[in-house]
Amino acid sequence: MYIHRALEPHILELVQEYPVITLVGPRQSGKTNMAKHLFPSYTYVNLEDPQTRLFASEDLNGFFHQYGTHLIIDEVQHVPEVLSKIQVLVDEHAQESGQFVLTGSQEMHSGGIVAQSLAGRTAIFTVLPLSLAELREAGEPILDRDSQLLRGFMPRVYQTQTSRVFDYYAGYVAT
């Protein structure tokens, strides 16, 4: 079950103006699912995969030749050189919006990795765990305050309807 996010209309608006959309935030906050949901026709590549990461880091030209544009690049912080190549590609096709969708950790944004390479070329969105409004819109029952705080707001808990919430969060915190 996909839960629509409040950011979606703004992302869809700005993808018409910017060549790159960047989604940053904590792990498991829904960045990848949102990117895939909003851009189903885009090719998806995950730089968490060791082979894909190696390909991108050893042969940037080959990587972009194989995948082209209209591309979702997940966990882009693993190969920061990708951002420099995207800058070049975007500048070569300056009039084309919506060329790339990037996802990555919050540190990628706060550390300035994106800002250095893609200043003025990307709209950056911080994707946080679900809000009460998003849960309500999805038809999820809103619990009393303490129960809701214990259940949390991570999308995976709601998408899988797990009853093992404590196990999920224990694993999340431990990793």
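Residues numbered from 1 in each chain as written. Predicted model: local features only at pLDDT ≥ 70, side-chain atom pairs only at ≥ 80, totals over all residues. Heavy atoms only, no water.

**As for the packing of aromatic side chains**
Here's step 1: Under the criterion given, the structure shown has five aromatic pairs.
Here's step 2: Arranged with centres 5.8 Å apart and planes meeting at 65°, the rings of Phe55 and Phe63 form a pair that is edge-to-face.
Here's step 3: By relative accessible area, which is 24% here, Phe55 ends up partly exposed.
Here's step 4: Of the residues examined, Phe63 reaches a relative accessible area of 0% and is grouped as buried.
Here's step 5: Through successive ring pairs, a cluster of aromatic residues spans Phe55, Phe63, Phe64, Tyr67 and Phe100.
Here's step 6: One cation-aromatic arrangement involves Lys36 over Tyr44; the distance from NZ or CZ to the ring centre is 4.1 Å. (Phe/Tyr/Trp six-rings, centres within 6.5 Å; stacked < 30°, edge-to-face > 60°. Buried < 20%, exposed > 50% of the residue type's maximum accessible area, 1.4 Å probe, protein only. Lys NZ or Arg CZ within 6 Å of the ring centre and 35° of its normal.)

**As for the packing of helix 4 (residues 60-67) against helix 5 (residues 81-92)**
Here's step 1: Between helix 4 and helix 5, the least distance of the axes is 11 Å, while the angle of their chain directions is 60°. In terms of orientation, helix 4 lies oblique with respect to helix 5. Here the hand of the crossing between helix 4 and helix 5 comes out right-handed. Two secondary-structure elements touch here, helix 4 through Leu60, Asn61 and Phe64 and helix 5 through Glu81, Val82, Lys85, Ile86 and Leu89.
Here's step 2: Here the residues of the contact of helix 4 with helix 5 are counted per class, giving five nonpolar, one polar and two charged. (Axes fitted to C-alpha atoms, helices over the stretch in contact; angles between N-to-C directions. Helix = DSSP H or I, 4+ residues; strand = E, 2+ residues; numbered from the N terminus. Parallel < 35°, antiparallel > 145°, perpendicular 65-115°, else oblique. Left-handed = near helix turned anticlockwise from the far one by under 90°. Contact = heavy atoms within 4.5 Å. Nonpolar A, V, L, I, M, F, W, Y, C, P; charged D, E, K, R; others polar.)

**A short note on the side chain of Arg5**
Here's step 1: Within the secondary structure, Arg5 is located in the segment before helix 1 (8-14).
Here's step 2: Accessibility expressed as a relative area gives 8% for Arg5, which makes it buried.
Here's step 3: Among the polar contacts listed, one links the side chain of Arg5 to the backbone oxygen of Ser29, at a separation of 2.9 Å.
Here's step 4: Setting aside anything within four residues of it in sequence, one finds Arg5 in contact with Ser29, Gly30, Met34, Val127, Leu128, Pro129, Leu130, Glu134 and Pro155. (Polar contact = N/O pair within 3.5 Å; in protein donor to acceptor, adjacent residues only side chain to side chain.)

**Concerning the sheet that holds strand 5 (residues 122-126)**
Strand pairing in a sheet relies on backbone hydrogen bonds, with the paired strands running either antiparallel or parallel.
Here's step 1: Here we have five strands laid out as an open sheet, ordered 2-3-4-1-5, and parallel in their pairing. A strand with exactly one partner marks an edge of an open sheet, and here the two such strands are strand 2 (43-46) and strand 5. Across the sheet, the mean angle separating the axes of adjacent strands is 15° when strand polarity is ignored.
Here's step 2: Where strand 2 lies against strand 3 (residues 71-74), four bridges are found, and the strand directions are parallel. Bridge assignment links Asn46 to a residue of strand 3, and that residue is Asp74.
Here's step 3: Each of strand 2, strand 3 and strand 4 (100-105) touches helix 4; the most contacted strand, strand 3, lies at about 135° to it. (Pairing = 2+ DSSP bridges.)

**So, the pairing of strand 3**
Here's step 1: Covered by surrounding structure in strand 3 are Leu71 and Ile73 together with Ile72 and Asp74, the residues of both alternating faces.
Here's step 2: Relative to strand 4, strand 3 is paired through three bridges, and the arrangement is parallel. Across the sheet, residue Leu71 finds its bridge partner in strand 4, namely Phe100.
Here's step 3: Following the chain from strand 3 across helix 5 to the adjacent parallel strand 4, one finds a crossover that is right-handed. (Right-handed = clockwise from strand over helix to strand, strands pointing away.)

**Comments concerning the pattern of salt bridges**
Here's step 1: This model, assessed by the stated rule, comprises five salt bridges.
Here's step 2: With a closest N to O distance of 3.4 Å, Glu48 and Arg27 form a salt bridge. Of this pair, Glu48 sits in the loop between strand 2 and helix 3 (50-58) while Arg27 sits in the loop between strand 1 (20-25) and helix 2 (31-38), and the two are 21 residues apart along the sequence.
Here's step 3: Of the residues examined, Glu48 reaches a relative accessible area of 32% and is grouped as partly exposed.
Here's step 4: Here Glu75 and Arg27 are joined by a salt bridge, their closest N and O atoms 3.5 Å apart. Of this pair, Glu75 sits in the loop between strand 3 and helix 5 while Arg27 sits in the loop between strand 1 and helix 2, and the two are 48 residues apart along the sequence.
Here's step 5: Residues participating in the shared-partner salt-bridge network are Arg27, Glu48, Arg53 and Glu75. (Salt bridge = Lys/Arg side-chain N within 4 Å of Asp/Glu carboxyl O.)

Note that every value here comes from positions in space, so none of it alone points to a role or purpose.
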